[in-house]
Amino acid sequence: MSFINQHLPALIILLPLLAAPICLLLRRGWLVAMPVCVLLLLLTILLLMRVMDAGVISYELGGWEPPFGIEYRIDAANALVALLIGLISAVVMIFAKRSVESELSTDRYSLFYSLWLLCITGLLGICITGDAFNVFVFLEISSLSGYGLIALGKGRGASLAALRYLIMGTLGGTFLLIGIGFLYAATGTLNMADITARLPQAANQRTVIAAMAFCFTGIGIKLAAFPLHQWLPEAYARAPSAITAWMASTATKVAAYALMRFVFTIMAAGGVAAAAVTQIGVPLAVGGMLIGSAIAIYQTELKKLLAWSSVAQIGYILLGIALASEAGLRAALLHMLNHGLIKGALFLALGCMIYRLCKEGGEIKLSQLAGISKRMPWTTAAFVAGGLSLIGVPLTAGFISKWALLEAALAANAAWLVVAILISSLMAVIYIWKIVEVAYFAEPAEDSATVTEAPASMLIPAWLLIAGNLYLGINSTFASDVAQRGAEALLAGVGT
Amino acid sequence: MMSTETLLSLSLIIPALGAIGVAASGRRPNLRESVTVLSGITLFACIALITSRYAAGERVDLLLGSLLPGLELRLTPEPLGLLFALLASGLWIPTSVYAVGYMRGNNEANQTRFYICFAVAIFAAMGIALAGNLITLFIFYEVLTLSTFPLVTHKGNADAKRGGRIYLGILLTTSIGLLLPAIVYTWHIAGTVDFVAGGILAGKTSPAMLALLYALFIFGIGKAATMPFHRWLPAAMVAPTPVSALLHAVAVVKAGVFTVLKITTYTFGLDLLTHTGASEVMMFIAAFTLLAASCVAMTKDNLKARLAYSTVSQLAYIVLGATLATAATIVGGGLHILMHAMAKITLFFCAGAIYTALHKTEISDLDGMGKVMPFTFAAFFIAALSIIGLPPLGGSWSKWWLMTGTVDADQYWILAVFGLSSLLSIAYLLPIPIRAFMRPARDNSYTGINEAPLASVAPLCLTAIGCIVLFFCAEPIVDWLMPITQDTTALAGATP
């Protein structure tokens, strides 16, 4: 046990990294990936517990002392995001078995699962590393495997969506690399804590500002922050259902975390980066919230509708970050967790419907849902519950995030942000209710008579996430405590 | 002997168990309806017991859980809330009996869903009545909105869908768009959202902000149907009549005006409102609503539509009482919740009985029908007199107290508004029984007495008698309510 405890941060990376090739070698996909994900969930829970006990954990990879070796550095903020990844991966992996069997051809199973494990590795790596260059390495691992996963979706659209994401993602990765390069040029180190300490003495502040701009933009693309979001709806809509649910809940959250880390930890000195992120981030966040929701209202293809809603929800997270206050970061961290659970649940419920309604997989139109509540009552109920959480109805997780965000906006004396948040929520009412009306009031189509409830292995994961939503809606004290500690840890360096 | 805390939790558990019991016994209608009536009786007994203990001087509050640190779900009984809880649980019993007659008499579909939602709505009403702070109240308020949506759209046709859209659209828009920010802002400036006798906002913000906040609250409480947010009430009349009776004469609308009275006394405080004049603008809007809705009611030939607008007008009495912010008008408002509920539920019961027995919905078709349905129209006449405010009927007392209060507040013009409105209510209510009894029948297909089933007629006779009884027991109720207008800490519940 003490061995596990001591090497916890390394194990979290090594486990999925080593399991990925084993998937390919054994020609077994799910059978390898499922236990790995369960183990990962346990490890991330353990990690969060330790962080809440002991404060910041620093782990020297291979025993090399930082700044020479790579340091893994974990505080409440990244432990929370790591737990989200562990949780969503385990839950979606249960769902994936049947869903993938219906959407992919048999010879691709092992490839699919090994790519997925690599992608998990990448995201977890970004989370826990304390080394700026290492962030780039893990970002590329997750991106490259992510392009592959999206391309494995049904139909020709998937390859095109993956290509578009590839172009945008490569741009983002390159920008981040240039930014990190500039930081290295200015400070001569890559360790985050070391960069923070040396930045104020950097000879050329213009280099630092350029580095900041490159990092913002690079991470902004991965985050799908408005107006760098164009890749997202198409990629979510074309990817296999399980991947859509998984990516929507984790990938953008990790990018949001990376943004926080760069702005508030690495470039903390003097609070210049924090001031800049407020000036640039707030308008972009509001733009994303309003435009994302408005476009979602007009979507008839459901995966795209939820994807556009994600653009809006990313706006909320970015807004919390951009407020650059403790309350704002707390709200952002809470919403990262809550939105992960909400969107995961919604995409899983949608995945169940796709499994039953679309024999060819892929697209599902609003009209296909006519009267679905009679055929798949539990799936539809899960979708409605997730939708209510997305709107932010009390007793759901969505309400807690909205409350925290409104509180942060008021603390910043920004009444117009309160108005923007509420307008965006009300638009969510419209696009969710549009689906509910069709599902409950429209007459079912003739050919849907044979449609039955989704299999338990797909329905239970969706309800697990709904249960998480309801639990966090009723009792968020622990989550809020973690988020508060995370926000404090992130802001610890600012202003010094 | 059960502790009062247990009784408090039972007041939520009984209707919840009722809903589960109804769901479980869905296949056996007799058992299902017995469960409904039985839960009604036990709930009423439970609330009565809490009330008697409160009267004996026992002060308790019950912590249900905590959403975020400091943001607690809490039940705290106080006189006004107990009155509302007694009213809603008490009228649930005759309504259940009435519903059995109505639903069977009209062969309505999905009766099990109907009774489940009904029980959930009562559950929410209990939560609103006993809520110890704004956030608890808000949560149950939203549960009430969502649980009544399936009741409003019960028929499932295009009309019901349209009505449901307006219902949900207005209630969710106002609550998320106006009420929620009002609560968050209160939390932000006062640091608490507890209900404290004398209010929590004194000295926290400027009079102009207070006036804005008060307007946000009043408009945000869409269930109080203050113009221009009253449209949901007539739209909700597509619901089966028992729904209109209990929910749109008692639970939903009264939850709205109850919330208005509650925030007026326990969040703002009467002293603060009279000193700053923060409620003055809303006074004009309430007065306008009062008169305008009466005028609209006169133009409606559909019986339920006329009753709906009459409700809008009567609710405005209570809102007006709240905005006047004197002890007498608050007591008058509280009294009017009770008196109007008793009278209006009788009127709706009559409308439903007429529909069940004669299948008539328009007032102009009712000529001469008094001889066919003598009990129903006699009850209608009594209840109409109570709404108008004539002794010896309950409605006269609430109007008396409201009018006394306008004199206390030196707002004599409102006295004229009340007088005019009483005349208008004579003009729109009395012609109905007059037509039924005095004019010759145009439709001669009915000879002799043709009443609705006994299960429908007995409750409406009972509530009509209730209108008379209330006239004679108004004094203890006034004594019961008077303490809420006093700024004493003795009332703040168990908190020392």
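Residues numbered from 1 in each chain as written. Chains lettered and ligands numbered in written order. Predicted model: local features only at pLDDT ≥ 70, side-chain atom pairs only at ≥ 80, totals over all residues. Heavy atoms only, no water.

Chemist: In this structure, what is going on with the overall build of chain B? I would like to understand it.
Modeler: When you go through chain B residue by residue, the secondary structure sums to 19 helices and 2 strands. Relative to the compact-globule value of 23 Å for 496 residues, chain B shows a C-alpha radius of gyration of 21 Å, a close match. In terms of its C-alpha atoms, chain B occupies a principal-axis envelope of roughly 70 × 55 × 45 Å. For chain B, the proportion of contacts with a sequence separation of at least 24, taken over those separated by at least 6, is 81%. For chain B, the computed accessible surface area is about 16100 Å², with 67% contributed by carbon and sulfur atoms. Separation of charge centres in chain B, based on 27 positive and 23 negative side chains, amounts to 12 Å. (Helix = DSSP H or I, 4+ residues; strand = E, 2+ residues; numbered from the N terminus. Rg over C-alpha atoms; globule rule 2.2 N^0.38 Å. Contact = heavy atoms within 4.5 Å. Areas by Shrake-Rupley, 256 points an atom, 1.4 Å probe, with all protein chains shown as cover. Lys, Arg positive; Asp, Glu negative; His and termini not counted. Charge placed at Lys NZ, Arg CZ, Asp CG, Glu CD.)

Chemist: Whenever I open this one, the overall build of chain A confuses me. Can you help?
Modeler: Each helix and strand counted, chain A has 20 helices and 2 strands in total. Taken over C-alpha atoms, the radius of gyration comes to 21 Å for chain A, in line with the 23 Å a tight globule of 496 residues would show. Along the three orthogonal principal directions, the C-alpha set of chain A runs to about 75 × 55 × 40 Å. The buried share of chain A, taken over its 496 residues, is 64%. Residue pairs in contact within chain A that sit at least 24 positions apart in sequence constitute 80% of those at least 6 positions apart. (Buried < 20%, exposed > 50% of the residue type's maximum accessible area, 1.4 Å probe, protein only.)

Chemist: Would you take a moment to explain the environment of Ala-409 of chain B for this structure?
Modeler: All names here are of chain B. Locating Ala-409 in the fold gives a position in the loop between helix H15 (395-408) and helix H16 (412-429). You can call Ala-409 partly exposed: its relative accessible area is 22%. Beyond its immediate sequence surroundings of up to four residues, Ala-409 is in contact with Leu-324 and Thr-326.

Chemist: Is there a simple way to think about the packing of helix H3 (residues 30-54) of chain A against helix H20 (residues 477-491) of chain A in this case?
Modeler: Packed helix pairs are specified by the crossing angle of their axes together with the interaxial distance, meaning the distance between the axes. Residues and elements named next belong to chain A. At a closest axis distance of 11 Å, the pairing of H3 and H20 adopts a crossing angle of 65°. Crossing angle aside, the handedness with which H3 passes H20 is left-handed. Across from Leu-48, Val-51 and Met-52 in H3, the residues of H20 making contact are Phe-478, Asp-481, Val-482 and Arg-485. Its residues assigned to classes, the contact of H3 with H20 shows 5 nonpolar, no polar and 2 charged. (Axes fitted to C-alpha atoms, helices over the stretch in contact; angles between N-to-C directions. Left-handed = near helix turned anticlockwise from the far one by under 90°. Nonpolar A, V, L, I, M, F, W, Y, C, P; charged D, E, K, R; others polar.)

Chemist: Even after reading the chapter, I still don't get the nonpolar core, so can you show me in this structure?
Modeler: The tendency in soluble globular proteins is for nonpolar side chains to be buried side by side. Residues and elements named next belong to chain A. Ranked by internal contacts, the top residues of the largest apolar core, which has 400 residues, are Trp-116, Phe-262, Phe-264 and Trp-403. It is helix H14 (residues 326-357) that contributes the most residues to this core, 20 residues altogether. The contact partners of Trp-116, leaving out residues within four places of it in the chain, are Val-92, Met-93, Ala-96, Leu-149, Ala-242, Ile-243 and Trp-246. (Core = buried A, V, L, I, M, F, W, Y, C linked by side-chain atoms within 4.5 Å.)

Chemist: For this particular structure, what's the right way to read the side chain of Thr-186 of chain B?
Modeler: All names here are of chain B. When you line up the elements, Thr-186 lands in helix H6 (residues 158-190). Residue classification places Thr-186 among the buried residues on the basis of a relative accessible area of 0%. Contact partners of Thr-186, with chain neighbours within four places excluded, come to Leu-134, Gly-191, Thr-192, Ile-200, Leu-201, Leu-213, Phe-217 and Thr-267.

Chemist: Looking at this structure, how should I read the confidence of the model for chain B?
Modeler: When pLDDT is low, close inspection of the predicted coordinates is not appropriate. Per-residue confidence for chain B averages 84 on the pLDDT scale, and 97% of its residues sit at or above 70. Taken together, the stretch residues 488-496 of chain B has pLDDT below 50 and engages in 13 contacts with residues farther than four places along the chain or on a different chain. (pLDDT = per-residue confidence, 0-100.)

Chemist: Help me out: how do you make sense of the pairing of strand S1 (residues 57-60) of chain A in this one?
Modeler: Put simply, side chains in a regular strand alternate between the two faces of the sheet. Residues and elements named next belong to chain A. Going residue by residue along S1, you find Ile-57 and Tyr-59 tucked away on one face and Ser-58 and Glu-60 left uncovered on the opposite face. Inspection of the sheet shows S1 paired to strand S2 (residues 71-74) by 4 bridges, in the antiparallel sense. The residue bridging Glu-60 from the neighbouring strand is Glu-71, located in S2. (Pairing = 2+ DSSP bridges.)

Chemist: Would you explain the environment of Ser-386 of chain B in this entry?
Modeler: By secondary structure assignment, the location of Ser-386 of chain B is in helix H14 (residues 374-388). For Ser-386 of chain B and Trp-401 of chain B, which are 15 residues apart along the polypeptide, the C-alpha to C-alpha distance reads 15 Å.

Chemist: Got a minute to help me understand the pattern of salt bridges in this structure?
Modeler: Applying the stated criterion across every chain yields a total of 14 salt bridges over all chains. In this structure, Arg-238 of chain A and Glu-234 of chain A form a salt bridge, with 3.1 Å as the shortest nitrogen-oxygen distance. Residue Arg-238 of chain A and its partner Glu-234 of chain A are both found in helix H10 (residues 231-238); the two are separated by 4 residues, about one turn of the helix. Look at Glu-234 of chain A and you get buried, because its relative accessible area is 18%. Across the salt bridge formed by Glu-437 of chain A and Arg-165 of chain B, the nearest N and O atoms sit 2.6 Å from each other. Taken as a pair, Glu-437 of chain A in helix H18 (residues 415-441) and Arg-165 of chain B in helix H6 lie in two separate chains rather than in one. One network of salt bridges, with partners in common, ties together Glu-234, Arg-238, Glu-301 and Lys-304 of chain A. (Salt bridge = Lys/Arg side-chain N within 4 Å of Asp/Glu carboxyl O.)

Chemist: Where do I start with the state of the cysteines in this structure?
Modeler: Cysteine pairs can be covalently joined through their sulfur atoms, and such a bond is termed a disulfide. All names here are of chain B. Taken as a whole and judged by the stated rule, the model has 0 disulfides over all chains. Free cysteine Cys-350: the closest other cysteine sulfur is in Cys-461, separated by 8.1 Å. For Cys-350, a relative accessible area of 0% translates into the label buried. (Disulfide = S-S within 2.5 Å.)

Chemist: It is not clear to me how the interface of chain A and chain B should be interpreted in this structure. Could you clarify?
Modeler: Where interface size is quoted, it is often the accessible area lost as the parts come together. In this assembly, 28 residues from chain A lie in contact with 29 residues from chain B. Surface buried jointly by chain A and chain B totals about 2600 Å² across both partners, of which 82% is contributed by carbon and sulfur atoms. Area buried by chain A at its contact with chain B is led by Trp-403, Leu-410 and Phe-441 of chain A, which between them contribute 26% of it. If you look at where chain A meets chain B, you find 4 residue pairs in polar contact (both at pLDDT 80 or more). Taken together, the elements giving at least two residues each to the side of chain A that touches chain B come down to H14, helix H16 (377-391), helix H17 (397-411), H18, helix H19 (456-474) and H20 of chain A. (Buried area = accessible area lost by both parts, 1.4 Å probe. Polar contact = N/O pair within 3.5 Å; in protein donor to acceptor, adjacent residues only side chain to side chain.)

Chemist: Sorry if this is basic, but what is going on with the environment of Ala-349 of chain A here?
Modeler: Residue and element names in this part refer to chain A. Mapped onto the fold, Ala-349 is located in helix H14. Considered as a pair, Ala-349 and Leu-17 are 332 residues apart in the sequence and their alpha carbons are 29 Å apart. Discounting chain neighbours no more than four positions away, the residues touching Ala-349 are Thr-379, Ala-382, Phe-383 and Ala-462.

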